[in-house]
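# Survey of secondary and tertiary structure
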Amino acid sequence: MVFNTKMIFAVLFMCFSATCVIAGDPTLEHEWKITYGTIAPLGVPQQGILINGQFPGPAINCTSNNNIVVNVFNQLDEPILLTWAGVQQRKNSWQDGTIGAMCPILPGKNYTYRFQVKDQIGTYFYFPTTALHRASGGIGMIKIHNRNLIPIPFDKPADEYAVLLGDWYNKGHKSLKNILDSGRSIGRPDGIQINGQSGKVGDANAKPLFTFEAGKTYRLRVCNVGLRLSVNFRIQGHTMKVVEMEGSHTVQNVYDSLDLHVGQCMSVLVTADQTPKDYYFVASSRFAQHPLSTVAVIRYANGNGPASPELPPPPPENTKGIAWSISQFRSFRWNLTSNAARPNPQGSYKYGKINITRTIKLVNTRSSFNGKLRFGINGVSHVDAETPLKLAEYYGVADKVFTYNLMKDEPQEGNKVELAPNVVNGTYRNFVEIIFENHEKTIQTWHLDGFSFFAVAIEPGRWSPEKRKNYNLLDAVSRCTIQVYPNSWAAVMTTLDNAGMWNLRSEMRERAYLGQQLYLSVVSEARSLRDEYSLPETQQLCGIVESLPKPAPYT
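Residues numbered from 1 in each chain as written. Predicted model: local features only at pLDDT ≥ 70, side-chain atom pairs only at ≥ 80, totals over all residues. Heavy atoms only, no water.

Going by what an unreviewed UniProt entry lists, the chain is known as L-ascorbate oxidase and is assigned to Sesamum alatum.

This part is about the confidence of the model for the chain. This prediction gives the chain a mean pLDDT of 95; 96% of its residues lie at or above 70. Residue range residues 1-23 is modelled with pLDDT below 50. Its contacts to residues more than four positions away, or to other chains, number 60 contacts. (pLDDT = per-residue confidence, 0-100. Contact = heavy atoms within 4.5 Å.)

What follows is about the nonpolar core. The biggest cluster of nonpolar side chains holds 34 residues, and the ones touching the most others in it are Leu362, Phe436 and Ile482. If sequence neighbours within four positions are ignored, Phe436 has contacts with Leu362, Trp446, Ile482, Val484, Ser488, Trp489, Ala490, Val492 and Leu504. (Core = buried A, V, L, I, M, F, W, Y, C linked by side-chain atoms within 4.5 Å. Buried < 20%, exposed > 50% of the residue type's maximum accessible area, 1.4 Å probe, protein only.)

Here the focus is the state of the cysteines. Using the criterion set out here, one finds two disulfides in the structure. One disulfide in the model links Cys103 with Cys542; its S-S distance is 2.1 Å. Across the S-S bond of Cys103 and Cys542 the torsion is about -95°, and the bridge reads as left-handed. Here Cys103 is found in the loop between β8 (82-85) and β9 (110-116), whereas its partner Cys542 is found in the segment after β36 (517-523), with 439 residues between them in sequence. Here the two residues Cys103 and Cys542 agree in accessibility, since each one is buried. If one numbers only the bonded cysteines of the chain, in the order they occur, the disulfide pattern is 1-4, 2-3. Between Cys62, a free cysteine, and Cys223, which holds the nearest cysteine sulfur, the sulfur-to-sulfur gap is 13 Å. Since its relative accessible area comes to 2%, Cys62 is described here as buried. (Disulfide = S-S within 2.5 Å. Helix = DSSP H or I, 4+ residues; strand = E, 2+ residues; numbered from the N terminus.)

It is worth spelling out the sheet that holds β8 at this point. With mixed pairing, four strands are arranged side by side in an open sheet as β6-β11-β10-β8. Of all the strands in the sheet, just β6 (60-63) and β8 have a single pairing partner and so form its edges. Sheet twist, expressed as the average angle between the axes of neighbouring strands with direction ignored, equals 20°. With four bridges joining them, β6 and strand β11 (residues 140-145) adopt parallel strand pairing. Paired with Asn61 across the two strands is Lys143, which belongs to β11. (Pairing = 2+ DSSP bridges. Axes fitted to C-alpha atoms, helices over the stretch in contact; angles between N-to-C directions.)

According to UniProt, the "domain: Plastocyanin-like" (unreviewed entry) feature falls on residues 34-148, 160-302 and 387-525. End-to-end, the C-alpha atoms of residues 34-148 are 33 Å apart, and along that stretch the chain is 0% helix and 42% strand. Within residues 387-525, the helical portion is 8% and the strand portion 40%, while the C-alpha atoms at the span's ends are 22 Å from each other. (UniProt positions renumbered as here; feature names shortened; annotations may be inferred.)

Taken in spatial order, the five strands make up an open sheet running β28-β36-β35-β30-β33, and their pairing is mixed. A strand with exactly one partner marks an edge of an open sheet, and here the two such strands are β28 (423-427) and β33 (481-484). Neighbour-to-neighbour, the strand axes of this sheet turn through a mean angle of 20°, independent of strand direction. Pairing analysis gives six bridges linking strand β35 (residues 500-506) to β36, with the strands arranged antiparallel. By the bridge assignment, Met501 is partnered in β36 with Ser521.

What follows concerns the pattern of salt bridges. Scanning all chains against the criterion turns up 27 salt bridges. Lys143 is the salt-bridge partner of Glu160, the closest N and O atoms lying 3.7 Å from each other. In this pair, Glu160 sits in strand β12 (residues 159-168) while Lys143 sits in strand β11, placing the two residues 17 residues apart along the sequence. Here Glu160 and Lys143 have matching classes, each one buried. Across the salt bridge formed by Asp259 and Arg286, the nearest N and O atoms sit 2.9 Å from each other. Residue Asp259 is found in strand β20 (residues 257-260), and its partner Arg286 is found in strand β22 (residues 278-286); the two are separated by 27 residues along the sequence. (Salt bridge = Lys/Arg side-chain N within 4 Å of Asp/Glu carboxyl O.)

Okay, the pairing of strand β30 (residues 444-448) next. Counting buried residues in β30 gives five out of five residues, a clear majority hidden from the surface. Side chains of β30 alternate between two faces, with Gln444, Trp446 and Leu448 and Thr445 and His447 buried alike. Pairing between β30 and β33: four bridges, direction antiparallel. By the bridge assignment, Gln444 is partnered in β33 with Val484. The pairing of β30 with β35 spans three bridges and is antiparallel.

In this structure, Pro56 follows Phe55 across a cis peptide bond, with omega equal to -10°. Tracing the sequence through the fold places Pro56 in the loop between β5 (46-51) and β6. One non-glycine residue, Glu246, lies in positive phi territory at about 45°. Assignment of secondary structure puts Glu246 in the loop between β17 (240-245) and β18 (248-249).

The next thing to look at is helix α1 (residues 173-181). Every buried residue belonging to α1 is among His173, Leu176, Ile179 and Leu180, and all of these are buried. Projection of α1 onto a plane perpendicular to its axis shows the buried side chains occupying an angular sector of 125°, all on one side. Contact partners of the buried residues in α1: β4 (26-39), β5 and α4 (509-513). With its phi angle positive at about 100°, Gly183 sits one or two positions after the end of α1. (Arc of directions from axis to C-beta.)

With that out of the way, let us pick up the packing of aromatic side chains. On inspection of all chains with the given rule, the structure shows 28 aromatic pairs. Seen in terms of ring centroids, Phe402 and Tyr404 are 4.9 Å apart; in terms of plane orientation they differ by 85°. Their pairing is edge-to-face. According to the relative accessible area criterion, Tyr404 is partly exposed, its value standing at 29%. Lys277 extends its terminal NZ or CZ atom over the ring of Tyr279, reaching a point 4.4 Å from the ring centre. Against the face of Tyr394 rests Arg527, its NZ or CZ located 5.9 Å from the ring centre. (Phe/Tyr/Trp six-rings, centres within 6.5 Å; stacked < 30°, edge-to-face > 60°. Lys NZ or Arg CZ within 6 Å of the ring centre and 35° of its normal.)

Across the ten residues of β12, eight count as buried, placing the element largely inside the fold. Note: β12 against strand β15 (residues 217-224), seven bridges, orientation parallel. Residue Leu165 lies in a different strand from β15, and its bridge partner there is Asn224.

We now examine helix α2 (residues 318-331). A rise of 1.5 Å per residue sets the reference length of α2, with its 14 residues, at 20 Å; its end C-alpha atoms lie 20 Å apart and thus fit the reference within 8%. Residues of α2 that are buried include every one of Gly321, Ile322, Ser325, Ile326, Gln328 and Phe329, and no others. Along α2, the residues classed as buried sweep out an arc of 160° about the axis, all on the same side. Of the residues in α2, the exposed ones pointing more than 90 degrees away from the buried face are Thr319 and Lys320. (Expected span 1.5 Å × (residues − 1).)

Pasting the structure below:
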C-alpha cells in the first residue's frame, strides 16, 4: 500500500484509546510503513528513511479539530518514534512522540497514534525523535486548515505547496550517531536540500519544484527541517508576503528574502506576476563558516525561457547579518484583528496584561564529560531513561527513574555538568516567562512541545529584569520555536495550561541528542479527565512499569 487515507464522519460519541472524539469531528486515518530506501538529496546515493516509499513522507492535510489516526509500522532495524512538532496534543502528551513520553516502536511492530488538532491551524512538520533518524528522513509536512466557518485574512490562493528544506549530511544516521557516541561533533553539513533534491544553476534537466500560472497567487508552506543551519530563502524576481507562522496569522508584510531557523515554519503568498518563464527558488545557509546554497526551479505554465543565472543576493553575514535578522524578527507581528482556529480575533487574548508567576532563565552550554562532547542547560545534560518519564510519573515510580528539579531556574556558577534525566516541575495554569541566553558563538533554536508561546523579545547581550521594558506586550507572534543569536538572549511567555510531560529542546539534533533538552512536567492535582486523558489502553509499556498493575484511570 503506497498511501491510504480514509475520512470518517462520526455519527455517535466515540472515545478512542487516547482522546475523546465528539460527534461531528471528522477523523482522518493513515497507514504508514517506515522502511529504508535509497535516496540522493545531494546527488550522492545513500540509505534513507522512507514513509510509504516516499521522501519527504506523505503530508498530513487536515482541518482544525480533525481527529488524526496514524498506524505506523516500523520496518527498520531500530526502534523509532515520530513527533508532531507544533501540534499541541491538548491533554494528551501520551501521543507526543518524544522519548520522555512514549515507548519507542520496536522493529517489526506497529503503533497507532490517535490525537486531535484541537483549536489549531497552521504549518508544522513531523520527524523521528529517536537516535539520529531525522538525519536520514522520516519527515513530512503537517497542514492544518481553518474550518469553513472561520474566515482567513487573505483570498483563497490558487493552490498551495509544501517546501521542506534544510541542511543535509551525506553520512547516514548510523554513522552520525556513532560519531556523537564516540564523543565528537558531526561537523558541518554537506549541502542544502529542498523537498529531497538539490539543484545547480544552469541545469537544463532540472524538474520544477512546482508550476505557477501567470496572474495567480500561491501559498507556500515552508519549514526548515535541517539538523544545524539557519537558512535564508528567496525567489528570483518575486516578493513574498508572510501570512502565517506556526499557527498564528501575522501582519502581512512583504519581503524579498526570509530567514528560517532550524525547526521553524511559515506560510508566504507569492503572486505569479512576472514574465512567464522559469525562476529559481534559492536557499542558502546563514551564519555558517562555509556557506552552502542550492536552487530549485519554479516554472510558469506555458512559459518560455530558462531561469536567469543571476541569483538574488543573500542578506549580509556576521554582525551586520545578525542585526538584519533581528530586525526581520521584530517585523513579524501578530494580526490582532484576524481569527485563527476560533471565531474570536487573535488580539482578544491580552497576554501582556497577565502577571508573570515564574521566570526560568536557561543558558545553553557546550562542555566535555569524561573526554566526550556534551551539551547542557544550566549545568544539566539530559540523558534518556529506559522508562519514559511520563509513564514513571503516571505509575507513581518517578523517584526510581528521575529526580525533579535537578536543574535550577537560574544558571549556576562554574562549568560542572551533571548527566541525568532533566525534568522540571511546572505549576498547572501558571503564566511563566522563559529566558534563553546564548553565550556561545553559534545560533540556537529552541522548540517547546505542548504549548505555543509569545516571542516577546530578542536582543544582543545578557538579559536582566530591566530588559522587560523592551518586550513586545501587544502583538508578539504566538509560535512554538524561537531562535537565539550568538551572545544574545530571547524571551518568551506562555501559560502552562496543558497537563502532561512536554519536551523543551534544542532543534539542533546534535545538541538535543547530547543533552540540550529538558522535560516540563505539568501536573493537574485533580487527576481529572477535564485536564488530562488517562493512559490509553493500547499504550506501549516498557522499562520498570511494564509488569506493574495499571493505576486507576482519571475520572
